[in-house]
Amino acid sequence: MEKIFRFLSDIAIHNDREWFHAHRHLYEEAQAEFVRVVETMIDHIGRFDSEIIGLPVKSTLYRFHRDTRFSPDKSPYKRHLGAYINPRGKKSSHGGYYLHLEPSNCLLAGGAYCLEMPVLRAIRQSIVDRTDEFRTIVENTAFKELFPVLGETRLKTLPAGFPRDFPYPDYLRPKDYSVCHRLPDGFFLSPDWAERAAGIFRTMKPFLDFVNDTVDDYL
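Notes on the structure follow. (Residues numbered from 1 in each chain as written. Predicted model: local features only at pLDDT ≥ 70, side-chain atom pairs only at ≥ 80, totals over all residues. Heavy atoms only, no water.)

Remarks on the pattern of salt bridges
With the rule as written, the count across this model stands at 14 salt bridges. When the shortest N-O distance is used, the salt bridge between Glu28 and Arg24 registers 3.3 Å. With a gap of 4 residues between them, Glu28 and Arg24 both fall in helix α3 (residues 24-45), about one helical turn apart. Under the relative-accessibility criterion, Arg24 is labelled partly exposed at 34%. Residues Arg173 and Asp170 are paired through a salt bridge, measuring 2.7 Å at the closest nitrogen-oxygen approach. Each of Glu51, Arg88 and Asp216 takes part in a single network of salt bridges with overlapping partners. (Salt bridge = Lys/Arg side-chain N within 4 Å of Asp/Glu carboxyl O. Helix = DSSP H or I, 4+ residues; strand = E, 2+ residues; numbered from the N terminus. Buried < 20%, exposed > 50% of the residue type's maximum accessible area, 1.4 Å probe, protein only.)

Listed below in structure tokens is the structure:
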């Protein structure tokens, strides 16, 4: 972990191709360590989610080079290492587990992202149809402590086509059904980080199962 954080701190300062090529060995060392981190995470998640068992690490990793074509930020490299542990692949609407290492911005997250409108509407309808079940999951004390907010972005009002008197409007406003828990860098420097991270993901899993139950009908 120390090599990973050291390299990411360096690349945040020296985010240019000349520095990267002169210090490529530092990237390769950090990347090799990150592969081991993800292998460990897959092993721990597989103990409570059988779909993850045997998932190839390569299928979870993202390119370190940034696509700058449509971004005002022309920095060629990312400032983090991330892995999306998803049995259906990184681009699937099926929800998975996300690990993000970045100095002062580490997090564990998961859920279903970038949903097509019919799928998003179906999840919202599932919440209306199975309100008590959904509330049991997201209002669980342990879940709420870790994941107090649903979705990265949310509508200001109820989505069209849903009852105006639905008693839990905040559950229908997310534009994606994901959750996120931010962590200090020191969390990942502790010897038991993997067990603790797996515990966070285990708490998230009932939410993930609820969302995937609907998403998978469209895959």
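Notes on the packing of aromatic side chains
Counted under the stated rule, the structure contains 20 aromatic pairs. Each ring, one from Tyr62 and one from Tyr98, has its centre 6.5 Å from the other, and the planes form 75°; the classification is edge-to-face. Here the residue Tyr62 occupies a position in the loop between α3 and β1 (81-85), and Tyr98 occupies one in strand β2 (residues 96-101), the gap between them amounting to 36 residues. A relative accessible area of 37% means that Tyr62 is categorised as partly exposed. Seen in terms of ring centroids, Tyr84 and Tyr113 are 6.0 Å apart; in terms of plane orientation they differ by 80°. Their pairing is edge-to-face. In this pair, Tyr84 is assigned in strand β1 and Tyr113 in the loop between β3 (106-112) and α4 (117-129), connecting sequence segments 29 residues apart. We classify Tyr84 as buried; its relative accessible area is 4%. Positioned above the aromatic ring of Tyr62 is the side chain of Lys90, whose terminal nitrogen or guanidinium carbon lies 5.7 Å from the ring centre. (Phe/Tyr/Trp six-rings, centres within 6.5 Å; stacked < 30°, edge-to-face > 60°. Lys NZ or Arg CZ within 6 Å of the ring centre and 35° of its normal.)

Here's the deal with the side chain of Ser92
With respect to the secondary-structure elements, Ser92 resides in the loop between β1 and β2. At a separation of 3.0 Å, a polar atom in the side chain of Ser92 contacts the main-chain amide nitrogen of His94. (Polar contact = N/O pair within 3.5 Å; in protein donor to acceptor, adjacent residues only side chain to side chain.)

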